[in-house]
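# Chain and residue survey
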Amino acid sequence: MIENMRKVRVRFAPSPTGPLHIGGVRTALYNYLFAKQHGGDLILRIEDTDSTRFVPGAEEYIISSLEWLGIKFDEGVSYGGEFGPYRQSERRDLYRKYVEQLLNDGLAYKSYDTPEELENKRKEVDNFQYDASTRLGMKNSLSLSAEECRKLEEAGVPYVVRLKIEPGEDVIVNDLIRGEVRINSSVLDDKVLYKSVDDLPTYHLANIVDDHHMEVTHVIRGEEWISSAPLHVLLYRALGWEDTMPQFAHLPLLLKPEGNGKLSKRDGDRLGFPVFPLEWIAPDGAISSGYRESGYLPEAVVNFLALLGWNPGDDTEMMSMDTLISKFDLSRCSKSGAKFDYEKGKWFNHKYIQEYSLPALVEACMPYCVKAGLNPAPERLSSALELIRDRITLLPDVVEQVAFLFEAPVTYDEKTVQKRWKAETPAQMKSACEMLGALSDFSSANIETKIKEWIEANGYGMGAVMNALRLALVGASKGPHINDIIAFLGKDETIARLQRSIATITVA
């Protein structure tokens, strides 16, 4: 249920720390579906406040991935808009203003503890937490005098700004998927909001400020962020923005195919499926496969991902983007994690290949054929795909399935030869050449009829002759109906292949 009366505005805010994980793609997709269903806007915001984890090329990769999948933004990085800039690193002045506001209001404080001092404290105290019970024993502006703080800053000692969380308060988050989430503030630590060392805020402050200024009405994000929601509620209150606080929805995790634990890249490497939308080349040169390069259609990936943690309320599985938009409802999102069934992803891809228009399928398959050195004319590839498209699961499969239609076999499968090529077979193939050579109607239907008549007239065994014909034309025991293969090859090529088999295949 959408309680907010403002125009729906949602955002996808990835960090440029590497390739976009398939779980992040699903988050972007759900935001897109929600925005489009409610006539709202989708914003692309880049969270680059953690300068130590920035990876060159990651931002461009994220944008390219989402464009390939058809997830379109209304504003944001590379799209423009009146609420920019949309990179958090370009919004320092705005964040600084609110850091000062929180400090002046006594709702935040400066902490000068070094990383070593914090680490020693964690070793000294089990489950150490920087909060109301420990803050006065630490080095910060609450425990030090103003003069001591001034001297530390004049000496160039780095500091962070922490939110001052008061204990003993129940913080309530009304989640659109999980219902009421209640957490007592005593279990929350005084989160860092800002770091002087790079003059940038942390995720917590930057997101609150940006969501408020960009008029975000709903925050739809992964389950891993649900522990941050109470802190964000407290921040909205501290900044006086409680009336414009967005509604939260925390999506279920994507789980390993076995269902035990969060899906990771290691799972993809272990089981042989991609976890990134596009191929990623890391700064060290390591290559990770992508759904696009593995031969998935973007529509299939979108359909597959949409059903991982959400259902339309009926048995419908095949859904276009427009259908998904019309059916999407956050109330039908699961609270529990969704097992990543990569075989189901392949099933969706196979189904979409069957439904693709032939021109679109030719365009998708042609690069794989060219890479394999086949170079068919588009109209010939189209005819070939009509014969074999039901045998393709991933686009690279097209090479194996059509290669024999464009290149005559130069070798013949040994086991099939032993099983199918008998002493009488060469004479039968010679007779087939004569029969086919006499045909004026070389359509598949007429060829099927004439082959059956020829076999019956000569008293040949149907199975034996048909299998021998397939071996002679294809080089192995595979391919569509033999009459379809012959019609595709044409009279001259068919007879040439039959004659080559007679001259080449020998049985010991």
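Residues numbered from 1 in each chain as written. Predicted model: local features only at pLDDT ≥ 70, side-chain atom pairs only at ≥ 80, totals over all residues. Heavy atoms only, no water.

## Concerning the overall build of the protein
Formally: We count a stretch as a helix when DSSP gives it H or I for four or more residues in a row; a strand needs E for two or more, and each element gets its number in order from the N terminus. Our radius of gyration is a C-alpha quantity, and the globule rule it is checked against amounts to 2.2 Å times the number of residues to the power 0.38. Each residue is placed in one exposure class: buried if its accessible area under a 1.4 Å probe, protein chains only, is under 20% of its type's maximum, exposed if it is over 50%, and partly exposed if it falls in between.
Broken down by element type, the protein carries 20 helices and 15 strands. Its C-alpha atoms give the protein a radius of gyration of 32 Å, more than 25% over the compact-globule value 23 Å for 508 residues. Overall, the C-alpha framework of the protein stretches about 110 × 45 × 40 Å when taken along its three principal axes. For the protein, the residues scored as buried account for 50% of the 508 residues in total.

## Concerning the environment of G337
Stated formally: The contact criterion used throughout is that any non-hydrogen atoms of two residues lie within 4.5 Å.
Mapped onto the elements, G337 comes out in the loop between helix 10 (321-327) and strand 15 (338-339). Along the backbone, G337 and N467 are 130 residues apart, and their C-alpha atoms lie at a distance of 50 Å. Those residues within four positions of G337 in sequence are excluded, and the remaining contacts are P252, L253 and L255.

## As for the layout of surface pockets
Applied cut-off: A cavity, in this analysis, means grid points on a 1 Å lattice covering only the protein atoms where a 1.4 Å probe fits yet has no way out; a pocket is instead an open set bounded by protein on both sides within 12 Å along at least five of seven lines, and a residue lines either one if it has an atom within 4 Å of a point. Grid points are joined across faces, edges and corners, and a volume is the space filled by probe spheres set on the points. Any residue outside Ala, Val, Leu, Ile, Met, Phe, Trp, Tyr, Cys, Pro, Asp, Glu, Lys and Arg is labelled polar, Gly included; the first ten of those are nonpolar and the last four are charged.
Volume-wise, the largest pocket comes out at about 1,400 Å³. What lines the largest pocket is a set of 48 residues, and nearest its centre among them are S15, T17, E47, R53 and W225. When residues of the lining of the largest pocket are traced back to their parent elements, those giving at least two are strand 1 (9-12), helix 1 (22-37), strand 8 (192-195), strand 9 (200-201), helix 6 (203-213) and strand 10 (218-222). Of all the elements, helix 1 adds the most residues to the lining of the largest pocket, at 4 residues. Its residues assigned to classes, the lining of the largest pocket comprises 20 nonpolar, 13 polar and 15 charged. In this structure, the second largest pocket encloses a volume near 430 Å³. Taken together, 19 residues line the second largest pocket, and the ones lying closest to its centre are D113, T114, P115, L118 and V160.

## Considerations on the packing of helix 18 (residues 462-474) against helix 20 (residues 491-504)
Helix packing geometry: the angle between the two helix axes and the distance between the axes. Rules: Fitting a line to C-alpha atoms yields each axis, with helices limited to the stretch in contact; the angle taken between N-to-C directions then spans 0 to 180 degrees. Just so you know how the angles are binned, under 35 degrees is roughly parallel, over 145 roughly antiparallel, 65 to 115 roughly perpendicular, and the rest oblique.
The contact between helix 18 and helix 20 brings their axes to 8 Å, and the two run at 100 degrees. Classified by the angle between their axes, helix 18 and helix 20 sit roughly perpendicular to one another. Of the residues in helix 20, those touching helix 18 at L469, A472 and L473 are T494, R497, L498 and S501. Taken together, the residues that form the contact of helix 18 with helix 20 break down as 4 nonpolar, 2 polar and 1 charged.

## A few points about the packing of aromatic side chains
Condition: Each Phe, Tyr or Trp ring, with Trp reduced to its six-membered ring, pairs with another whose centre is within 6.5 Å; inter-plane angles below 30 degrees give stacked pairs, above 60 give edge-to-face pairs, and intermediate values give tilted ones. Any Lys NZ or Arg CZ found within 6 Å of a ring centre and within 35 degrees of that ring's normal is scored as a charge over the ring.
Tallied over the full model, the rule gives 18 aromatic pairs. Taking the centre distance of 5.3 Å and the plane angle of 25 degrees together, the rings of F273 and F340 count as stacked. Residue F273 is found in the loop between helix 8 (265-271) and strand 13 (280-281), and its partner F340 is found in the loop between strand 15 and helix 11 (342-355); the two are separated by 67 residues along the sequence. For F340, a relative accessible area of 0% translates into the label buried. Note on F304 and F340: the rings are 5.2 Å apart at their centroids and 70 degrees apart in plane angle, and the pair reads as edge-to-face. With a gap of 36 residues between them, F304 in helix 9 (residues 298-306) and F340 in the loop between strand 15 and helix 11 connect regions that are remote in the sequence. Through successive ring pairs, a cluster of aromatic residues spans F273, F304, F340, Y342, W347 and F348. R162 extends its terminal NZ or CZ atom over the ring of Y130, reaching a point 3.8 Å from the ring centre.

## What about the sheet that holds strand 9?
Paired through backbone hydrogen bonds, the strands of a sheet run either parallel or antiparallel to each other. Keep this limit in mind: Strand pairing requires that DSSP identify at least two bridges connecting the strands.
On the basis of which strands lie adjacent, the open sheet formed by 4 strands has the order 4-5-8-9 and antiparallel pairing. With partners counted over all chains shown, the strands left at the sheet margins are strand 4 (108-111) and strand 9, one partner each. Note that strand 5 (residues 160-163) and strand 8 share 3 bridges and pair antiparallel. Within strand 8, the residue paired with V161 across the bridge is Y194.

## Topic: the UniProt feature "short sequence motif: 'HIGH' region" (unreviewed entry) in the protein
Quick note on the threshold: UniProt positions are given in the numbering used here, feature names are shortened, and annotations may be inferred rather than shown by experiment.
Per the UniProt annotation, the sites labelled "short sequence motif: 'HIGH' region" (unreviewed entry) are residues 14-24. With 27% helix and 0% strand, residues 14-24 has end C-alpha atoms that lie 8 Å from one another.

## Let's talk about the sheet that holds strand 2 (residues 41-44)
The 3 strands lie next to each other as 1-2-3, forming an open sheet whose pairing is parallel. The open sheet has two edge strands with one neighbour each: strand 1 and strand 3 (75-76). When strand 2 meets strand 3, the two strands line up parallel, connected through 2 bridges. What sits directly across from I43, in strand 3, is E75. Along the sheet face, helix 1 touches strand 1 and strand 2 and points at about 165 degrees away from the line of strand 1.

## Brief notes about the pattern of salt bridges
How we decide: Any carboxyl oxygen of Asp or Glu within 4 Å of a side-chain nitrogen of Lys or Arg constitutes a salt bridge here.
What the rule picks out here adds up to 36 salt bridges. One salt bridge connects D93 with R96, and the closest N-O pair in it is separated by 2.8 Å. On the criterion of helical spacing, the pair formed by D93 and R96 is a turn pair, its members being 3 residues apart in helix 3 (residues 92-104). Across the pair R182 and D170 runs a salt bridge, and its minimum N-O distance is 3.6 Å. Pair noted here: R182 is in strand 7 (residues 179-184) and D170 is in strand 6 (residues 170-175), with a separation of 12 residues, a long-range link.

## Quick notes on helix 12 (residues 358-371)
Where we set the bar: What a helix should span is 1.5 Å times the count of its residues minus one. The angle separating two fitted axes, one through the seven residues that finish at a residue and one through the seven that start at it, defines the bend at that residue.
End to end, helix 12 covers 20 Å across 14 residues, agreeing with the expected 20 Å (1.5 Å per residue, within 8%). Approximately 35 degrees is the largest bend angle found in helix 12, and it occurs at C365, with the proline P367 only one to four residues beyond. Buried within helix 12 we find L358, L361, V362, A364, C365, M366 and C369. At its buried positions, helix 12 is contacted by helix 11, helix 13 (378-388) and helix 14 (397-406). Directly after helix 12, the chain includes G373, whose backbone phi takes a positive value near 85 degrees.

## Thoughts on the domain arrangement of the protein
Our working rule: These domain limits were set by an automatic method or by a database of domain assignments.
Looking at the assigned domains, one finds that the protein contains domain 1 (89-251), domain 2 (265-355), domain 3 (356-398) and domain 4 (408-504). Put simply, the middle of domain 1 and the middle of domain 3, counted by C-alpha atoms, are 55 Å apart.

## Some thoughts on the nonpolar core
Going by this rule: Among buried residues, the Ala, Val, Leu, Ile, Met, Phe, Trp, Tyr and Cys ones that are joined through side-chain atoms within 4.5 Å form a nonpolar core.
The biggest cluster of nonpolar side chains holds 150 residues, and the ones touching the most others in it are I22, L29, I71, Y291, F340, L385 and L498. The contact partners of Y291, leaving out residues within four places of it in the chain, are I22, W68, F273, P274, V275, F276, P277, L278, Y296, V301, F304 and F340.

## Focus on the packing of helix 16 (residues 425-437) against helix 20
Applicable threshold: Should the near helix be turned anticlockwise from the far one by less than a right angle, the crossing is left-handed, and should it be turned clockwise, the crossing is right-handed.
Following both chains from N to C, one finds helix 16 and helix 20 inclined at 165 degrees, their axes separated by 9 Å at the closest point. On the basis of their axis angle, the class for helix 16 and helix 20 is roughly antiparallel. Judged by the sense of rotation from one axis to the other, the crossing of helix 16 with helix 20 is left-handed. Between helix 16 and helix 20, the residues in contact are P426, M429, K430, A432, C433, L436 and G437 and K491, T494, I495, L498, Q499 and I502, respectively. Along the lines of polarity and charge, the residues of the contact of helix 16 with helix 20 split into 8 nonpolar, 3 polar and 2 charged.

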